[in-house]
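Structure at a glance
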Amino acid sequence: MPLFRRKSTALVEDQVSEVESTEVGSPGTRGYTPSKRELGVTTPKRPSTQRRPGGAPVSRTPLTKEEAKEQRKVARQRESERFRREGGPRDRGPERLLVRNVVDSRRTAGSFFLGGAFVVLLGATIPDPRVQTVVNILWLALTLAVIVDSFLISRKIKKAVTERFPKSSERMGSLYFYGISRSLSFRRMRVPVPVVAVGEKY
């Protein structure tokens, strides 16, 4: 009997299949890990990135000239109302609001200045010496009234701002000019619109 002989083909195939089954793993082996399908676990699907029909953008028909004109008109009206209510950049700030309330809470001589100035200009066209005398007296009286009233308004502004905002960084000269310029206009034409009535505390 020879010492070295070739193993049969069947014996070699049995050994190879045994090794492969051990490496791959089977339910009976030690290192076997069951799959998610065997455990009854289903992998959640990723959400679809496609838009649903309900989320599709709505197509808008282009506006006609009349509709576009109407929209611009409404936008201008809203902007005008907002400006009348809030004013511009120069009207912002608590100090400016206080100055407006100081001016609006009293009757000012400046509100009659424009009307008086119109009367003076109208009377200046009449070549009657007596009318000219009355016009000059009226003009002088209006000027003195505005000067005295502006001085009183400035004092009230200084007192109110010093009491309410002792650490304010606003320049008093700028606040004086702001208040006096507001007092020279008619109450109905002031912007922003007055929020306090005449005689009301601010």
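1. Overview of the packing of aromatic side chains
Going through the model one piece at a time under the given rule, you end up with one aromatic pair. Measuring from ring centre to ring centre gives 5.7 Å for phenylalanine 113 and tryptophan 139, while their planes differ by 45°; the resulting arrangement is tilted. On the criterion of sequence distance, the pair formed by phenylalanine 113 in helix H5 (residues 113–124) and tryptophan 139 in helix H6 (residues 129–164) is long-range, its members being 26 residues apart. Classification of tryptophan 139 by relative accessible area gives partly exposed; the value is 39%. Here the basic side chain of arginine 96 rests over the ring of tyrosine 178, its NZ or CZ set 4.9 Å away from the ring centre.

2. Remarks on unusual backbone geometry
For the peptide bond that leads from valine 191 to proline 192, omega is -5°, which places it in the cis range. Mapped onto the fold, proline 192 is located in the segment after helix H7 (172–183).

3. Some details on the environment of serine 181
As for its placement among the helices and strands, serine 181 is situated in helix H7. Judged by its relative accessible area of 30%, serine 181 is partly exposed. Separated by 31 residues in the primary sequence, serine 181 and serine 150 have C-alpha atoms spaced 9.3 Å apart. Here the side chain of serine 181 touches phenylalanine 177 through a polar contact of 2.9 Å, landing on its backbone oxygen.

4. Considering the layout of surface pockets
Considered as a void within the structure, the largest pocket measures approximately 180 Å³ in volume. Leu152, Arg155, Lys156, Lys159, Ala160, Glu163, Arg164 and Tyr202 are the residues that line the largest pocket. Residues belonging to the lining of the largest pocket are distributed by class as follows: three nonpolar, no polar and five charged.

5. Description of a nonpolar patch on the surface
A surface patch of nonpolar side chains, amounting to about 380 Å² of accessible area, comprises Phe118, Val119, Leu122 and Leu138. The dominant element in the nonpolar patch, judged by the number of residues it contributes, is H5, at three residues. What makes leucine 138 partly exposed here is its relative accessible area of 32%.

6. What to know about H6
Taking 1.5 Å as the rise per residue, H6 with 36 residues should run 52 Å; its terminal C-alpha atoms sit 52 Å apart, in good agreement. Among the residues making up H6, those that are buried are Val135, Leu142, Val146, Asp149, Ser150, Ile153, Ser154, Ile157, Ala160 and Val161. Where the residues of H6 are buried, they touch helix H4 (94–104), H5 and H7. In this structure aspartate 128 caps H6, since a side-chain oxygen of it lies 3.2 Å from the backbone nitrogen of arginine 130.

7. A short note on the nonpolar core
Leu98, Val99, Val102, Val103, Ile153, Ile157, Ala160, Val161, Leu175 and Tyr178 together form the largest nonpolar core, which totals 10 residues. The set of elements that each furnish at least two residues to this core consists of H4, H6 and H7. When near neighbours in sequence (up to four residues on either side) are disregarded, isoleucine 157 contacts Val99, Val102, Met172, Leu175, Tyr176 and Gly179.

8. Brief notes about a positive patch on the surface
Side chains of Lys69, Arg72, Lys73 and Arg76 sit close together on the surface and give a patch of like positive charge. For lysine 69, the position within the fold is in helix H3 (residues 65–86). Accessibility expressed as a relative area gives 58% for lysine 69, which makes it exposed.

The rules behind each value
- Residues numbered from 1 in each chain as written.
- Predicted model: local features only at pLDDT ≥ 70, side-chain atom pairs only at ≥ 80, totals over all residues.
- Heavy atoms only, no water.
- Phe/Tyr/Trp six-rings, centres within 6.5 Å; stacked < 30°, edge-to-face > 60°.
- Helix = DSSP H or I, 4+ residues; strand = E, 2+ residues; numbered from the N terminus.
- Buried < 20%, exposed > 50% of the residue type's maximum accessible area, 1.4 Å probe, protein only.
- Lys NZ or Arg CZ within 6 Å of the ring centre and 35° of its normal.
- Polar contact = N/O pair within 3.5 Å; in protein donor to acceptor, adjacent residues only side chain to side chain.
- 1 Å grid on protein atoms, 1.4 Å probe; cavity = no way out; pocket = protein on both sides within 12 Å on 5 of 7 lines; lining within 4 Å.
- Points joined across faces, edges and corners; volume = space filled by probe spheres on them.
- Nonpolar A, V, L, I, M, F, W, Y, C, P; charged D, E, K, R; others polar.
- Patch = residues over 30% accessible without salt bridge, like charges linked within 9 Å, V, L, I, M, F, W, Y side chains within 5 Å.
- Areas by Shrake-Rupley, 256 points an atom, 1.4 Å probe, with all protein chains shown as cover.
- Salt bridge = Lys/Arg side-chain N within 4 Å of Asp/Glu carboxyl O.
- Expected span 1.5 Å × (residues − 1).
- Contact = heavy atoms within 4.5 Å.
- Core = buried A, V, L, I, M, F, W, Y, C linked by side-chain atoms within 4.5 Å.
- Lys, Arg positive; Asp, Glu negative; His and termini not counted.
- Charge placed at Lys NZ, Arg CZ, Asp CG, Glu CD.

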